[in-house]
Amino acid sequence: MQSVPCRPQRSDFVVVANRLPVVGEPTESGEPSWRRSPGGLVTALEPVLRRAQGVWIGWAGECDRRTAPFSHDGMRVHPVSLSARELASYYEGFSNATVWPLFHDTIVPPTLDRGWWQSYVQVNTRFAEAAALAAAPGATVWVHDYQLLLVPAMLRTLRPDVTIGFFLHIPFPPEELFMQLPWWTEIIDGMLGADLVGFQLPRDAENFRRTAAIRGSAIDPPGADAIGRIHVGGRVAWTGAFPVAVDAAGLTTLATSAAVRGRARRIRAELGQPDTVILSVDRLDYTKGIPERLAALDALYKQGRLIPGRHATVQIVTPSRERIPQYRELRRRIEIEVGHINGAYGALGRPAVHYLHRSVGREELAAFLVATDLMLVTPLRDGMNLVAKEYAACHPDADGALILSEFAGAAAELHGAYLVNPYDTDRLASTVDAVLNDPVAQRSRRMDTMHRQVRRHDVHAWARSYLGVLHRARAGRTVLGVS
Ligand code: GDG
């Protein structure tokens, strides 16, 4: 796809996220060749961005490199640069070794490091300045996720005229966890700079409002419109839940294409034509509950309730945050456990767990989802979990079944899933057994419910609903005369 340099024009719609919607691949000339990232956020925002001739601000993925604004396939991007030191302190440090574990129930202890915090403030300032430059008078700026919690207030100081949205993709923790952070007041103030602070679930929004109240703000609890209002320094920040969704129609089309259906059949053949294919797909992360799931599989193979050859279990683990020690240690644990299960219960050419530590292409992933009879999505904590929704989108014929952690945000919507407590490995094992023995008609009814749900509430509906409320918040601000 063509990428052309563009002048840094101001725009009425600006998205700010840690990463750009494109990834650069090295070429012989030294200039990267850009291609669109496959993520759901890009799919959701691309149509809005194009319509508004918007700009996307983010890091290009390479350190110590300044890249001028450019336009890729009609989408304008403004790269923000990061040094190798900042990558270690702002991104791998404060974002991923402090905020990420703290916001996920402290599954691993968060590291508190003042130097990382200072770097986080510095990089957030850079993003806010880039947004202030890119926004036209009265523009809408939509800031995303836990790497940029301070940007809304910083941007409000620089540009009080713009409408600021913020959306958190991960859980927002209860106040007793959040307040462990020495900089919790700065973070709350940062987020409250937005006109609308959006979360995945009502529970996250509620946690946030309680913490804002402790910080001293007056709170109007959600009314009939499910939106809460926080009074902060003469203005009002709105809060609400906007569960993120997938491009369900696009996935259904992909999943029913001849190419993907053919590949799904070949995957089953490569697995030795088992009766049942069981699959999990996760980023390698301690929040995803991979060792706990492997413990349940261990028990199932040990007790002969799963039999290699008849049942094929596939675990795809996408490499992630590989320089962070806890992630390296987790990989080691997973690989020891897979080695143990296969050593104990596998046979020649028939491993109990087929383990792939790599990222696969979008079509290949869809083929795996189509080929699967039973999907296991068992995170210990997850803001939403898109893989669960993608699985439902890939099964328009209502075949297949989903076992889903009650600690994934998706559990609030996917009523057809078999819910489990991922910490309870005995129950997880017995649920796998029970699902495999459930009447087909019942499994099919459940799958049909989930497919309809993800088709109805898709990523476009998500973006429309968030931006609709943001504009109402903006209109409210004007009426109050505080804009
Ligand atoms: C955060 C929150 C929230 C994974 N492996 C491959 C691949 N993937 C794709 C999946 C899915 C995405 O990556 C992962 O999204 P999740 O939602 O499952 O998890 P996080 O990365 O932790 O995302 C989460 C999300 O933000 C959105 O708000 O749901 O709770 O933690 O789309 O399909 N894609 C391809 N190859 C792979 O190997 N092509």
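In the nomenclature of an unreviewed UniProt entry, the protein chain is known as alpha,alpha-trehalose-phosphate synthase (ADP-forming) of Tomitella cavernea. Quoted verbatim from the Sequence similarities (unreviewed entry) field of UniProt, the annotation for the protein chain is "Belongs to the glycosyltransferase 20 family."

This brings us to the overall build of the protein chain. When its secondary structure is counted, the protein chain shows 16 helices and 19 strands. Rg of the C-alpha trace for the protein chain: 23 Å, near the compact-globule value of 23 Å for 483 residues, within the 12% margin. For the protein chain, the spread of C-alpha atoms along the principal axes amounts to about 70 × 55 × 40 Å. The burial tally for the protein chain puts 47% of its 483 residues in the buried class. Looking at the protein chain alone, contacts between residues at least 24 apart form 74% of all its contacts between residues at least 6 apart.

So, about the sheet that holds strand 19 (residues 418–420). The 6 strands lie next to each other as 16-15-14-17-18-19, forming an open sheet whose pairing is parallel. Whereas interior strands pair on both sides, the edge strands pair on one side only; in this sheet they are strand 16 (353–357) and strand 19. In this sheet, adjacent strand axes meet at a mean angle of 20° when their direction is disregarded. Note that strand 15 (residues 311–318) and strand 16 share 5 bridges and pair parallel. Counted as the bridge partner of Gln315 is Tyr355 from strand 16.

A separate point is the site of the ligand. Close to the ligand lie 21 residues, the nearest being His169, Thr318, Gly383, Met384 and Leu386. When contributions to the shell around the ligand are tallied by element, the ones reaching two or more residues are strand 14 (276–283), strand 15, helix 12 (362–371) and helix 13 (386–393). Top element by residues in the shell around the ligand is helix 13. It accounts for 3 residues. Tallied by class, residues from the shell around the ligand come to 10 nonpolar, 7 polar and 4 charged.

Time to look at helix 10 (residues 290–302). The end-to-end C-alpha distance of helix 10, which contains 13 residues, comes to 18 Å, matching closely the 18 Å that a straight helix rising 1.5 Å per residue would cover. Of all the residues in helix 10, the buried ones are Ile290, Arg293, Leu294, Ala296, Leu297, Asp298, Leu300 and Tyr301. Of the surrounding secondary structure, the elements contacted by the buried residues of helix 10 are strand 14, strand 15, helix 11 (325–345), strand 16, strand 17 (374–377) and helix 14 (425–437). Immediately beyond the C-terminal end of helix 10, within one or two residues, lies Gly304, with a positive phi of roughly 75°.

It is worth spelling out the nonpolar core at this point. Counting residues in each nonpolar core, the largest one holds 147 residues, and the members touching the most others are Val14, Val16, Ala131, Val141 and Leu402. Broken down by element, this core gets its largest block of residues, 9 residues, from helix 3 (residues 114–134). If near-sequence neighbours (up to four positions away) are discounted, Val141 is found in contact with Val14, Val16, Ala131, Ala135, Leu155, Val162 and Ile164.

Moving on, we come to helix 13. Of all 8 residues making up helix 13, 8 are buried, and the element is well covered by its neighbours. Every buried residue belonging to helix 13 is among Leu386, Val387, Ala388, Lys389, Glu390, Tyr391, Ala392 and Ala393, and all of these are buried.

The subject of this paragraph is the environment of Thr140. Looking at the element boundaries, Thr140 is found in strand 8 (residues 135–144). With 331 residues separating them along the chain, Thr140 and His471 place their C-alpha atoms 8.7 Å apart. Residue contacts for Thr140: discarding those within four places in its chain leaves Asp12, Phe13, Thr163, Gly165 and Leu470.

This paragraph deals with the packing of helix 9 (residues 258–270) against helix 12. Running from amino to carboxyl end, helix 9 crosses helix 12 at an angle of 60°, the nearest separation of the two axes being 8 Å. Crossing of helix 9 against helix 12: the hand is right-handed. Of the residues in helix 12, those in contact with Ala259, Val260, Arg261, Arg263, Ala264, Ile267 and Arg268 of helix 9 are Glu363, Glu364, Ala366, Ala367, Phe368, Val370 and Ala371. A breakdown of the residues in the contact of helix 9 with helix 12 according to their chemical character gives 9 nonpolar, no polar and 5 charged.

This next bit is on unusual backbone geometry. Backbone geometry at Asp73 places phi at a positive 50°, although glycine is not the residue there. Looking at the element boundaries, Asp73 is found in the loop between strand 6 (70–72) and strand 7 (75–80). When the 15 C-beta atoms within 10 Å are taken as the criterion, Asp73 is described as partly exposed. Its identity is not glycine, yet Asp105 carries a phi of approximately 60°, on the positive side. Structurally, the position occupied by Asp105 is in the loop between helix 2 (84–103) and helix 3.

Scoring rules and cut-offs
- Residues numbered from 1 in each chain as written.
- Predicted model: local features only at pLDDT ≥ 70, side-chain atom pairs only at ≥ 80, totals over all residues.
- UniProt positions renumbered as here; feature names shortened; annotations may be inferred.
- Helix = DSSP H or I, 4+ residues; strand = E, 2+ residues; numbered from the N terminus.
- Rg over C-alpha atoms; globule rule 2.2 N^0.38 Å.
- Buried ≥ 20, exposed ≤ 12 C-beta atoms within 10 Å, placed from the backbone.
- Contact = placed C-beta atoms within 7 Å.
- Pairing = 2+ DSSP bridges.
- Axes fitted to C-alpha atoms, helices over the stretch in contact; angles between N-to-C directions.
- Near = placed C-beta within 6 Å.
- Nonpolar A, V, L, I, M, F, W, Y, C, P; charged D, E, K, R; others polar.
- Expected span 1.5 Å × (residues − 1).
- Core = buried A, V, L, I, M, F, W, Y, C linked by C-beta atoms within 7 Å.
- Left-handed = near helix turned anticlockwise from the far one by under 90°.

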